[in-house]
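Remarks on the overall topology
Here is how the chains run, residue by residue.
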Amino acid sequence: MTLTVVVASVLVFSWKLLGYLIPQRFITESVQRFSERVTVTLLAALVGIQTVSGSEGLVLDARVPAVLVAAGLLLLRLPFIVVIVAAALVAAGLRALGF
């Protein structure tokens, strides 16, 4: 697991470093669109995995409703700090209720 994280970190860092080292004329529009989509896709996958995974496998706990609340508030374009606080309050409230 640790090796995987280190390898992934090195790959991501090298990808970012290449973005600064390669002259703009070599970066086509399709490469730029691809890199933008990869970033969003990886972040969405990370959020999804962290939301429903646990040491025993699939876990549906207070994180799921908190992420749904956060997604809804982001769709309403509320400030990010409001989204984070609201999601944290939902998760804390549900955990206090034993969920």
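Here is a short report on the structure shown in this document. (Residues numbered from 1 in each chain as written. Predicted model: local features only at pLDDT ≥ 70, side-chain atom pairs only at ≥ 80, totals over all residues. Heavy atoms only, no water.)

1. Structural notes on helix α4 (residues 80-96)
In this model, α4 (17 residues) spans 24 Å end to end at C-alpha, consistent with the 24 Å of a helix rising 1.5 Å per residue. Buried-residue contacts for α4 involve α3 (63-75). (Helix = DSSP H or I, 4+ residues; strand = E, 2+ residues; numbered from the N terminus. Expected span 1.5 Å × (residues − 1). Contact = heavy atoms within 4.5 Å.)

2. Let's talk about the side chain of Thr51
Mapped onto the secondary structure, Thr51 falls in helix α2 (residues 29-52). The exposure class of Thr51 is buried, given its relative accessible area of 10%. Leaving out residues up to four positions away in the same chain, Thr51 has contacts with Val59, Asp61, Arg63, Val64 and Val67. (Buried < 20%, exposed > 50% of the residue type's maximum accessible area, 1.4 Å probe, protein only.)

3. Comments concerning the pattern of salt bridges
Applying the stated criterion to the full structure yields 3 salt bridges. Asp61 is the salt-bridge partner of Arg63, the closest N and O atoms lying 3.1 Å from each other. Accessibility expressed as a relative area gives 18% for Asp61, which makes it buried. Salt bridges linked by common partners bring Asp61, Arg63 and Arg95 together as one network. (Salt bridge = Lys/Arg side-chain N within 4 Å of Asp/Glu carboxyl O.)

4. Concerning the nonpolar core
Among the nonpolar cores identified, the biggest contains 8 residues, and these are Ala62, Ala66, Ala70, Leu73, Val83, Ala86, Ala87 and Ala91. Broken down by secondary-structure element, the contributors of at least two residues to this core are α3 and α4. Of the residues forming this core, the biggest block, 4 residues, is contributed by α4. If near-sequence neighbours (up to four positions away) are discounted, Leu73 is found in contact with Leu78, Val82, Val83 and Ala86. (Core = buried A, V, L, I, M, F, W, Y, C linked by side-chain atoms within 4.5 Å.)

5. Here's the deal with a nonpolar patch on the surface
On the surface, Leu76, Leu78, Ile81, Val82, Val85 and Leu89 cluster together into a nonpolar patch covering about 550 Å² of accessible area. Residue Leu89 is classed as exposed on the basis of its relative accessible area, which comes to 59%. (Patch = residues over 30% accessible without salt bridge, like charges linked within 9 Å, V, L, I, M, F, W, Y side chains within 5 Å. Areas by Shrake-Rupley, 256 points an atom, 1.4 Å probe, with all protein chains shown as cover.)

6. Quick notes on the environment of Ser30
Here Ser30 shows up in helix α2. Polar side-chain contacts of Ser30 include one of 3.1 Å to the side chain of Thr28. (Polar contact = N/O pair within 3.5 Å; in protein donor to acceptor, adjacent residues only side chain to side chain.)

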